[in-house]
Amino acid sequence: MIRIFSYCLLAIAALTGVPGQAAYETEQPVDFTLQQLGGGAVSLSDYRGEWVVVNYWATWCAPCRKEMPELSALHSERSDVTVLGLAYEDIEDSDFDSFLETSPVSYPILKVDVYQPPEPFGAPRVLPTTIILDHAGRAVKDFIGPVTREAIEQFLDSHGD
């Protein structure tokens, strides 16, 4: 029931342009702290000095699942990039764990409270949504909907350090 409610909220927000809807690019550094799946807290500011790729996803989202291997490879193979998966779904940790057993990733998975998503991004307009933070922590690029590793790397490489 909660899962259906979450889907409805996403659809309504996308169709109506609800006030407070995420405006992804920022002039100021972004920081928030979320709990990591498996324990511990992670803050965006922990990654200052490198590119951060924030990816909103859910287990039920087919395009999200398709992106995960490429995002995992990007995280593993580039020392200047950290990928953070923001799980935008109201399910138990054990359900996430079961999902990740069949779809493992190399990057941290952070749990988003769908009723109080982190500001300034708020609830994603669609899933997947990917936001790139520069070395100072500013949101400088977003990809609404599916993205490829190639598209992310083209942006990163064209914007240097």
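What you are looking at is a predicted structure, and each value in this text was computed from that prediction instead of being measured.

A. Structural context of the pairing of strand β3 (residues 51–57). Counting buried positions over the seven residues of β3 gives seven, a clear majority of the element. Bridging between β3 and strand β6 (residues 129–133) involves five bridges; their strand directions are antiparallel. Within the sheet, the bridge partner assigned to Val54 lies in β6 and is Ile131.

B. Quick look at the sheet that holds strand β2 (residues 41–43). As summarised here, the arrangement of the seven strands in space is β2-β1-β5-β4-β3-β6-β7, forming an open sheet in which the pairing is mixed. If you trace the sheet from one side to the other, it starts and ends with β2 and β7 (139–144), each paired once. Each adjacent strand pair in this sheet contributes to an overall mean axis angle of 35°, direction not counted. In the sheet, strand β4 (residues 81–87) pairs with strand β5 (residues 109–111) via three bridges, with the strands oriented parallel. Counted as the bridge partner of Ala87 is Lys111 from β5.

C. Seen up close, the packing of aromatic side chains. All chains considered together, the criterion is met by six aromatic pairs. With centroids separated by 6.0 Å and ring planes inclined at 50°, the aromatic side chains of Tyr24 and Phe121 adopt a geometry described as tilted. Residue Tyr24 is located in the loop between α1 (2–16) and β1 (33–36), and its partner Phe121 is located in the loop between β5 and β6; the two are separated by 97 residues in the primary sequence. Taking 6.0 Å as the distance between ring centres and 85° as the angle between the ring planes, the aromatic pair formed by Phe32 and Phe121 counts as edge-to-face. Here Phe121 lies in the loop between β5 and β6 and Phe32 lies in the loop between α1 and β1, a separation of 89 residues in the sequence. Taking relative accessible area as the criterion, Phe32 reaches 9% and is therefore assigned buried. The ring of Phe143 carries Lys141 above its face, with NZ or CZ at 5.1 Å from the centroid.

Conventions adopted
Residues numbered from 1 in each chain as written. Predicted model: local features only at pLDDT ≥ 70, side-chain atom pairs only at ≥ 80, totals over all residues. Heavy atoms only, no water. Buried < 20%, exposed > 50% of the residue type's maximum accessible area, 1.4 Å probe, protein only. Helix = DSSP H or I, 4+ residues; strand = E, 2+ residues; numbered from the N terminus. Pairing = 2+ DSSP bridges. Axes fitted to C-alpha atoms, helices over the stretch in contact; angles between N-to-C directions. Phe/Tyr/Trp six-rings, centres within 6.5 Å; stacked < 30°, edge-to-face > 60°. Lys NZ or Arg CZ within 6 Å of the ring centre and 35° of its normal.

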